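Residue-level structural notes
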Amino acid sequence: MLIDLLQQNRSFRRFVQSEKISRETLSKWIDNSRYCASARNAQPLKYVIACSPEKNEAVFDTLSWAGYLKNWQGPEEGERPAAYIVMLNDETIASNFHCDHGIAAQTILLSACEDGFGGCIVAAVDRKALRQILNLPVHLDIIQVIALGKPNETVVLEEIPQTPEFKYWRTDDQVHHVPKRPLTDLIVDIV
Ligand SMILES: Cc1cc2nc3c(=O)[nH]c(=O)nc-3n(C[C@H](O)[C@H](O)[C@H](O)COP(=O)(O)O)c2cc1C
């Protein structure tokens, strides 16, 4: 059921690093994103796959994790992502990619989820450093990175109470809690 996949599809930041994801599997998830809506149907998004230990380490060093968790600097060695998909905009196709990147990222993450994997969109990227690592030509701009792997953490959804607090938190048992606004807060009834 779609609802199961949507609920299961959390932002995971700790993984079983030894559980590899093949380039073929990653390509399949990207292939699924070809069916996404695209502004003007321009389809300007391009992707670089990283799934080798050397490349993964280089990509990892350019990412920032879970800004609200001040005492956590990101996944330790052994629990780091097994792969990354770096999402790019091809400037020769479109200078404005509108919301294509969000739709595509969700599609890739849901595809991963369906196959028993998970991931996290990371927009806090040292783009200058990553551009150099990937040796990108000038017409390809880094939009965001999708970190992927076999999740090794429990994430629990909480309903946001009446207070406007929306920061996620981690309890001593290492469970990650993510508050979500209730439906009644989302639908605006204008009479
Ligand atoms: C556009 C976007 C950028 C994000 N950037 C980061 C990031 O740089 N680092 C990170 O750890 N998480 C990042 N996240 C993950 C969010 O923190 C996460 O979606 C949010 O806490 C809600 O958790 P959930 O995805 O499990 O519902 C990003 C999510 C989105 C949609």
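Predicted model only: the values in this text are computed from it and were never measured.

What counts as what
- Residues numbered from 1 in each chain as written.
- Predicted model: local features only at pLDDT ≥ 70, side-chain atom pairs only at ≥ 80, totals over all residues.
- Heavy atoms only, no water.
- Near = heavy atom within 4 Å.
- Helix = DSSP H or I, 4+ residues; strand = E, 2+ residues; numbered from the N terminus.
- Nonpolar A, V, L, I, M, F, W, Y, C, P; charged D, E, K, R; others polar.
- Pairing = 2+ DSSP bridges.
- Disulfide = S-S within 2.5 Å.
- Buried < 20%, exposed > 50% of the residue type's maximum accessible area, 1.4 Å probe, protein only.
- Patch = residues over 30% accessible without salt bridge, like charges linked within 9 Å, V, L, I, M, F, W, Y side chains within 5 Å.
- Areas by Shrake-Rupley, 256 points an atom, 1.4 Å probe, with all protein chains shown as cover.
- Salt bridge = Lys/Arg side-chain N within 4 Å of Asp/Glu carboxyl O.
- Phe/Tyr/Trp six-rings, centres within 6.5 Å; stacked < 30°, edge-to-face > 60°.
- Lys NZ or Arg CZ within 6 Å of the ring centre and 35° of its normal.
- Polar contact = N/O pair within 3.5 Å; in protein donor to acceptor, adjacent residues only side chain to side chain.
- Contact = heavy atoms within 4.5 Å.
- Core = buried A, V, L, I, M, F, W, Y, C linked by side-chain atoms within 4.5 Å.

**A short note on the site of the ligand**
Surveying the vicinity of the ligand reveals 14 residues, the closest of which are R10, S11, R13, A66 and K180. Going through the elements one at a time, β3 (118–122) and β7 (176–180) are the ones with two or more residues in the shell around the ligand. With three residues, the top contributor of residues to the shell around the ligand is β3. Here the residues of the shell around the ligand sort into nine nonpolar, two polar and three charged.

**Remarks on the sheet that holds strand β5 (residues 155–159)**
Each strand in a sheet pairs with another by means of backbone hydrogen bonds, the pair being arranged parallel or else antiparallel. On the basis of which strands lie adjacent, the open sheet formed by three strands has the order β5-β7-β6 and mixed pairing. In the strand order of this sheet, the two ends are held by β5 and β6 (169–170), each with one partner.

**Observations regarding the state of the cysteines**
Inspection of every chain in the model, using the stated rule, returns zero disulfides. Among the cysteines around C51, which has no disulfide bond, C120 carries the closest sulfur, lying 19 Å off. Lacking any disulfide linkage, C113 is separated from the closest cysteine sulfur, that of C120, by 13 Å. Using a relative accessible area of 3% as the deciding quantity, one classes C113 as buried.

**Observations regarding a nonpolar patch on the surface**
A surface patch of nonpolar side chains, about 440 Å² in accessible area, is lined by M1, L2, I3 and L6. Mapped onto the secondary structure, M1 falls in the segment before α1 (2–8).

**Looking at the packing of aromatic side chains**
Taken as a whole and assessed by the stated rule, the structure comprises three aromatic pairs. Consider the rings of Y68 and Y168, whose centres lie 4.9 Å apart with planes at 55°: the pair is tilted. Of this pair, Y68 sits in the loop between α3 (53–60) and β2 (83–90) while Y168 sits in the loop between β5 and β6, placing them 100 residues apart in sequence. Stacked on the ring of Y168, the Lys or Arg R13 has its end atom at 4.9 Å from the ring centre. Across the ring face of W72, the terminal group of R170 is positioned such that the distance to the ring centre comes to 4.2 Å.

**Section: the side chain of H177**
With respect to the helices, strands and loops of the structure, H177 is situated in strand β7. Within the structure, the side chain of H177 is placed 2.6 Å from the side chain of E158, a separation counted as a polar contact. With residues near it in sequence (within four places) discarded, H177 still touches V156, E158, Y168, W169 and T171.

**Observations concerning the nonpolar core**
Formed by 26 residues in total, the largest nonpolar core has its most connected members in V59, L63, W65, Y84, V86, L130 and V145. For this core, the elements supplying multiple residues, two or more each, are α3, β2, β3, α5 (127–134) and β4 (140–149). Here this core gets four residues from one element, more than from any other, and that element is β4. For Y84, the residues in contact, after removing those within four places along its chain, are V48, I49, A50, N56, V59, F60, L63, V145, I146 and A147.

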